[in-house]
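# Structural description and commentary
Okay, here's what each chain looks like letter by letter:
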Amino acid sequence: MEQLTPAKVTPADPPGGPAGEEEKRRALRKMKLVALSFLLGATLVFLLTSWAQSAGWPGWVGYVRAAAEAGMVGALADWFAVTALFRHPLGLKIPHTAIIPNKKDALGNSLGDFVGSNFLSEEVVRDKLKRVEIARRLGGWLAQEENAERVTSELATVVRAAVRVLRDEDVQAIMEQAVARRIIDKPWGPPLGKILQGVFADGAHHKLVDLMCDRAYEWVRDNHTTMLRVVSDRAPSWSPKFVDEMLADKVYGEVLSFAWAVKTDVNHPMRLALDKFLGEFAQDLQTDPDVMARAEQVKGQIVHHEEVQRLIGSAWSTAKEMLLTAAEDPSSELRRRVRLGLVSLGSRLVSDDQLRSKADGWVEGAAAYLVKNYSREITTIITDTVERWDAEETSRKIELQVGRDLQFIRINGTVVGALAGLVIYAVAELLF
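Keep in mind that what you see is a predicted model, and the values were worked out from it rather than measured.

### Observations regarding the overall build of the chain
Check the secondary structure of the chain and you find 18 helices and zero strands. The burial tally for the chain puts 28% of its 432 residues in the buried class. Here the analysis covers contacts within the chain between residues at least 6 apart in sequence; of these, 73% occur between residues at least 24 apart. When the accessible area of the chain is evaluated, it comes to approximately 28,800 Å², of which 63% is carbon and sulfur surface.

This is the structure we're talking about:
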């Protein structure tokens, strides 16, 4: 099978964009001309002194000629050395030239190894983070109101983006499966019975009982006609009407008195019987299989009710709208609490040594874990990126960045070569 080769890419442009690159290109050309002028100057001096020496000029001409000759050699040697980094000098494919294009991948691997060994080691990272004191600096920064507001605003932006990206149907499906389904699948009887048992034991239900008794009394009081009709309808057909009315009034009075007694007497036998019933009911929900089974039947009827299903389906839409509204409103309670929480956290990170030490430990531990387990993957980013770069374009980019400074090597080579040649010629004249 044919092996696919990754597409060649060029390194990113230097800071400043095309304008900055053009400025560096002009500076590079300028320095190349300066270095070339030194070589041409040395060549011109060498030619003139050679002619002067052949014409019988004094002996000092030899010293100048020797200096110019050595300057030429130094300039040419350093030109060759600098040029060989980026390309073949004069287009001649001399061994060990065009080093950067030919050794680009090896340089990338070496750079990756260097970064991994010297910057991504656990000891270096821990030492650096310990000296930086991230928790203290972060705490001092967060403690300022405007910085906390800035972080809150960024968090709100993230929340808005995340909420808008999520599809409603996917979130609703997750809620139904991960939340609603788990609640539905678990038996309701025992936990509900335990909750009710605690409520009944504390007497928290008495206010509800009071309300029910009040409403029952008010209903009996306000429905005298209904009570009379019920009693009359159930009386025998042969019973005289006035007897039915007397009996109905008597029954109504007894019911009203009973309702009043239950309403006003907290120790009424009816109330005590209700408390006993509720306590037994809470216990049966936890222990009686029949009661628990009926509770499950009721649960199924409630859960599968149309209104309940509609409520479950609209839960995410409601929560989403609330989140978006709170995130977009700078004065919302949610953003206010987040902002105050960040300011409080920042103050504690500055003042609480124990919390700050824990935070620094978490950061160091997380960073150490990353470099310990993923340093190879991190350095691979460097090596893989360099491998994808085009060799010629990489060489051009690097030369553009450092080539101007490298031209000083050519200039220094000319000057140092001339001085060295002068010294060598002078020593030779003195000795021989």
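### Regarding a nonpolar patch on the surface
Together, V45, W51, W57, W60 and V64 make up a nonpolar patch on the protein surface, roughly 530 Å² of accessible area in all. At the level of elements, helix 1 (17–54) and helix 2 (60–86) are the ones that each hand at least two residues to the nonpolar patch. The topology assignment puts W51 in helix 1.

### Some remarks on the nonpolar core
Buried together is how nonpolar side chains tend to be arranged in soluble globular proteins. Judged by nonpolar contacts, V115, L120, V125, L129, A367 and V371 together constitute the single largest core of six residues. The set of elements that each furnish at least two residues to this core consists of helix 5 (122–132) and helix 17 (353–388). Excluding its chain neighbours within four sequence positions, the residues that come into contact with V115 are L120 and I382.

### A closer look at the pattern of salt bridges
Tallying each qualifying case throughout the model produces 29 salt bridges. Where E254 meets K250, a salt bridge forms, and the shortest distance between an N and an O atom there is 3.6 Å. Taken together, the residues span about one helical turn, with E254 and K250 both in helix 12 (residues 241–264) at a distance of four residues. Overall, the relative accessible area of 47% leaves E254 in the partly exposed class. You can call K250 exposed: its relative accessible area is 52%. Salt bridges linked by common partners bring E21, E22, E23, R25, R26, R29, E393, R396 and K397 together as one network.

### Thoughts on unusual backbone geometry
Unlike most non-glycine residues, L90 shows phi in positive territory, near 60°. With respect to the element layout, L90 can be found in the loop between helix 2 and helix 3 (99–102). The phi dihedral of E133 is positive, around 55°, even though this residue is not glycine. Relative to the helices and strands, E133 resides in the loop between helix 5 and helix 6 (134–142). Look at E133 and you get partly exposed, because its relative accessible area is 36%.

### Focus: the UniProt feature "transmembrane region" (unreviewed entry) in the chain
Taken from the UniProt record, the annotation "transmembrane region" (unreviewed entry) applies to residues 33–52, 64–86 and 408–428. Structurally, residues 64–86 comprises 100% helix and 0% strand, and the distance from its first C-alpha atom to its last is 34 Å.

### Focus on the side chain of T414
Mapped onto the elements, T414 comes out in helix 18 (residues 391–431). Judged by relative accessible area, T414 falls into the buried class, the value being 5%. A distance of 2.9 Å separates a polar atom in the side chain of T414 from the backbone oxygen of R410.

### Quick word on the packing of aromatic side chains
All chains considered together, the criterion is met by six aromatic pairs. On the basis of an interplanar angle of 15° and a centroid distance of 6.2 Å, the ring pair of F277 and F281 is categorised as stacked. With F277 and F281 both in helix 13 (residues 269–287), this residue pair falls four residues apart, about one helical turn. Accessibility expressed as a relative area gives 34% for F281, which makes it partly exposed.

### A short note on the packing of helix 10 (residues 206–222) against helix 13
Relative orientation of the contacting elements helix 10 and helix 13 amounts to 130°, with a least axis distance of 12 Å. Relative to helix 13, the element helix 10 is oriented oblique. Crossing geometry of helix 10 relative to helix 13 is assigned as right-handed. On helix 13, the residues that touch H206, V209, D210 and C213 of helix 10 are R271, L274 and D275. Residues belonging to the contact of helix 10 with helix 13 are distributed by class as follows: three nonpolar, one polar and three charged.

### Concerning the confidence of the model for the chain
Per-chain confidence: the chain averages 81 in pLDDT, with 88% of residues scoring 70 or above. Note that pLDDT drops below 50 for residues 1–10; the model gives that stretch eleven contacts with residues more than four away or on any other chain. Here residues 12–16 is modelled with pLDDT under 50, and outside its nearest four sequence neighbours on either side it reaches six contacts, counting other chains as well.

### Examining the environment of E245
Relative to the helices and strands, E245 is located in helix 12. Exposure remark for E245: the relative accessible area of 42% places this residue in the partly exposed category. Each C-alpha atom, one on E245 and one on S232, is 7.0 Å from the other, the two residues being 13 residues apart in sequence.

### Quick word on helix 17
The largest bend in helix 17 is about 75°, located at Y374. Burial in helix 17 covers these residues: L355, R356, A359, D360, E364, A367, A368, V371, S375, T379, T383 and V386. Close packing links the buried residues of helix 17 with helix 4 (104–118), helix 5, helix 6 and helix 16 (333–351). Sitting at the head of helix 17, D352 places a side-chain oxygen 3.0 Å from the backbone nitrogen of Q354.

Conventions we followed
Per chain, the residues get numbers from 1 upward, laid out in the order the sequence is written. Totals for whole chains, interfaces and linings use every residue, but because this is a predicted model, local features are given only for residues with pLDDT of at least 70 and side-chain atom pairs only at 80 or more, for both listing and counting. To get the side-chain values, take all heavy atoms of the structure and skip hydrogens and water. Helix and strand definitions here come from DSSP, where helices need a minimum of 4 consecutive H or I residues and strands a minimum of 2 consecutive E residues; each element is numbered from the N-terminal end. The buried label goes to any residue with under 20% of its type's maximum accessible area, the exposed label to any with over 50%, and the partly exposed label to all in between, with areas taken from a 1.4 Å probe on protein chains only. Whether two residues are in contact is decided by their heavy atoms: any pair within 4.5 Å suffices. Residue exposure ignores everything except the shown protein chains as possible cover, and the areas themselves are Shrake-Rupley values with a 1.4 Å probe. Within this analysis, patches are made of residues with over 30% relative accessible area and no salt bridge. Like charges are joined at 9 Å or less; nonpolar side chains (Val, Leu, Ile, Met, Phe, Trp, Tyr) at 5 Å or less. Salt bridges are identified by distance alone: a Lys or Arg side-chain nitrogen within 4 Å of an Asp or Glu carboxyl oxygen. For our purposes a nonpolar core is just a set of buried Ala, Val, Leu, Ile, Met, Phe, Trp, Tyr and Cys residues, chained together by side-chain atoms within 4.5 Å. UniProt positions are given in the numbering used here, feature names are shortened, and annotations may be inferred rather than shown by experiment. Within 3.5 Å is the distance limit for a polar contact, defined as a pair of N or O atoms, with the added protein rule that one can donate a hydrogen and the other accept it, and that residues adjacent in sequence qualify only through two side-chain atoms. Each pair of aromatic rings taken from Phe, Tyr and Trp, with Trp reduced to its six-membered ring, is defined by centres within 6.5 Å and is described as stacked if the planes are under 30 degrees apart, edge-to-face if over 60, and tilted in the remaining cases. A fitted line through C-alpha atoms represents every axis, and for helices the fit uses only the stretch in contact; the resulting angles, taken between N-to-C directions, go from 0 to 180 degrees. In these notes the angle categories are as follows: under 35 degrees is roughly parallel, over 145 is roughly antiparallel, 65 to 115 is roughly perpendicular, and the rest is oblique. The hand of a helix crossing depends on one turn: near helix anticlockwise from the far one by less than a right angle means left-handed, and clockwise means right-handed. When residues are sorted by character, Ala, Val, Leu, Ile, Met, Phe, Trp, Tyr, Cys and Pro go into the nonpolar class, Asp, Glu, Lys and Arg into the charged class, and all the rest, Gly among them, into the polar class. The predictor rates its confidence in each residue with pLDDT, a number between 0 and 100. The angle between axes fitted to the seven-residue stretch ending at a residue and the seven-residue stretch beginning at it gives the bend at that residue.

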